[in-house]
Amino acid sequence: MIVRAQRVVLSDEIRPRSIHIRDGRIVEVAGYDETARDGEIVDVDDESVVMPGLVDTHVHINSPGRTEWEGFRSATSAGAAGGVTTLIDMPLNSIPPTTTLAGLKTKLDQAQHDCFVDVGFWGGVVPGNTAELAPMFAAGVFGFKCFLVPSGVEEFEHVTEADLREAMPELARLDALLIVHAELPGPIKTSDVSVSASEYQTFLESRPRAAENEAIELMIRLSREFDTRVHIVHLSSADAIPMLRRAQREGVRITAETCPHYLHFAAEEIPEGATEFKCCPPIREASNREKLWKGLADGTIGLIVSDHSPCPGEMKLRGSGDFMKAWGGIASLQLRLAVIWTEAARRGFSLLDMTRWLCANPAGQVSLDSRKGTIAPGSDADLVIWNPDAQFTVSAAALRHRHKISPYDGEPLKGVVQKTFLRGQKIYDDGHVVESPLGHMLLRGQF
Ligand SMILES: [Zn+2]
């Protein structure tokens, strides 16, 4: 099969190209007119572009155990419709959590045959599970997540510095990546806020930037001490960017991601009681948002992932609008491409930047870059065809993840996904996801 277009987004240029695909892999990226006589040709219209399938390394599928919150079918179907071809599932909210080898096996059994896109797994670091890390890593998890504050579910306990001092030498020995929910409990306020709990400002003040800044300072110090690779997930506080930049320049092996909601919304504009905007760390002010964009521009923040974290609608407590008690999490797996393009185009960024943040760098984070996240010979033929100029208005009811609650409901966005290909097979076409799930389980070491 050949997919050809006037605008194919390669790693450092956008060119008219024909992408030659055999057995699910890209075998050649040739001139637009260099097409073989036999085989199917997919001709892409001139308004649309071909980009690598998106890689999303921060997705909470919550299955098994809390499948009523999401599940592999609904999440990966939303992914396919959003141009995502690879996602990595978080180790918590499922029961059991992925903090033991047995937990990983349970998760694999659950996910097998139920995924519309390729799916891999993070393991977890919790107090006392250091002995489980090597077996889980050998069995194929891509790295390990920890929390420095309570995670929200009791079966995934947060770690203290003492716990990290036990786990990090082992992670360094394995050369495994530690990904960190970086907020420290100290600066977080949990009491005396019941009076105005429906005002966003109350919640925002309860999770100040200091909680993130102090946590990141700690992680830079520990990464340096143990020479462990560390990645800060969902960075919200732009105050931490200068220290991350300095640490990176000094050779500390620390990277960072941020998420669509921090780059699109602003605290000042969140209505009273609108708990669909709640996530941790919180969405901050417009001025903070602009600094996050600068951190992306200079490369301190390398990737943008969804932190897709859904829950049943009633857990959002929309009735009382209580920001302090509502579940924190925003489900945006299907919308990441459009949200980021809408904001990136407005600020003068290009499709090459998009590809770096949404495809190549997330693939690199989990060492899948030889197969995922680029259009190049040898890579899997994972492609998204989309129209960067077409506009649409988000309807939460039409999103494919399980619970149709979204802060993006009613938002006008730019960038419409037309077709998604996974290893050369069409998995999404103009509103329709294929019937049978074609996704593979991705295990570290297979690539
Ligand atoms: Zn998360």
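Residues numbered from 1 in each chain as written. Predicted model: local features only at pLDDT ≥ 70, side-chain atom pairs only at ≥ 80, totals over all residues. Heavy atoms only, no water.

(A) Spatial organisation of the overall build of the protein. Within the protein one finds 11 helices and 18 strands. Against the globule reference of 22 Å for 447 residues, the protein gives a C-alpha radius of gyration of 21 Å, in line with a compact fold. Referenced to the eigenvectors of the C-alpha coordinate spread, the extents of the protein come out at roughly 70 × 45 × 40 Å. By the burial criterion, 61% of the 447 residues in the protein qualify as buried. Relative to all contacts within the protein whose residues are 6 or more apart in sequence, the contacts with residues 24 or more apart total 75%. When the 46 positive and 61 negative side-chain charges of the protein are each reduced to one mean point, those points stand 2 Å apart. (Helix = DSSP H or I, 4+ residues; strand = E, 2+ residues; numbered from the N terminus. Rg over C-alpha atoms; globule rule 2.2 N^0.38 Å. Buried < 20%, exposed > 50% of the residue type's maximum accessible area, 1.4 Å probe, protein only. Contact = heavy atoms within 4.5 Å. Lys, Arg positive; Asp, Glu negative; His and termini not counted. Charge placed at Lys NZ, Arg CZ, Asp CG, Glu CD.)

(B) Summary view of the coordination of the zinc ion. Taken together, the protein donors to the zinc ion comprise His58 (NE2), His60 (NE2) and Asp307 (OD), at separations of 2.1 to 2.2 Å. Written as a sequence motif, the donor arrangement for the zinc ion is H-x1-H-x246-D. Of the two residues, His58 sits in strand β6 (residues 54-59) while Asp307 sits in the loop between β14 (303-304) and α10 (336-346), which places them 249 residues apart along the sequence. Across this residue pair, the class does not change: His58 and Asp307 are buried. (Donors = N, O, S within 2.8 Å, 3.2 Å for Na, K, Ca; no water.)

(C) Layout of the packing of aromatic side chains. For the structure shown, the criterion picks out 13 aromatic pairs. On the numbers, 5.3 Å between centres and 80° between planes, the contact of Tyr200 with Phe323 is edge-to-face. Here Phe323 lies in the loop between β14 and α10 and Tyr200 lies in helix α5 (residues 200-206), a separation of 123 residues in the sequence. Between the aromatic rings of Trp293 and Phe349, the centroid separation amounts to 5.5 Å while the plane-to-plane angle is 25°, which identifies the pairing as stacked. With Trp293 in helix α9 (residues 286-297) and Phe349 in the loop between α10 and α11 (351-365), this pair connects stretches of sequence that are 56 residues apart. Exposure class is identical for Trp293 and Phe349. Each is buried. Taking the ring centre of Trp69 as reference, the NZ or CZ of Arg66 above it sits at 5.1 Å. Its guanidinium or amino end placed over the ring of Phe137, Arg444 lies 3.5 Å from that ring's centre, counting from NZ or CZ. (Phe/Tyr/Trp six-rings, centres within 6.5 Å; stacked < 30°, edge-to-face > 60°. Lys NZ or Arg CZ within 6 Å of the ring centre and 35° of its normal.)

(D) Fine view of the pattern of salt bridges. Tallied over the full model, the rule gives 35 salt bridges. With its nearest N and O atoms 2.9 Å apart, the salt bridge here joins Asp239 to Arg209. Here Arg209 lies in helix α6 (residues 209-226) and Asp239 lies in the loop between β12 (230-232) and α7 (241-249), a separation of 30 residues in the sequence. According to the relative accessible area criterion, Asp239 is partly exposed, its value standing at 36%. Lys372 is the partner of Asp382 in a salt bridge, and the nearest nitrogen-oxygen pair spans 2.7 Å. (Salt bridge = Lys/Arg side-chain N within 4 Å of Asp/Glu carboxyl O.)

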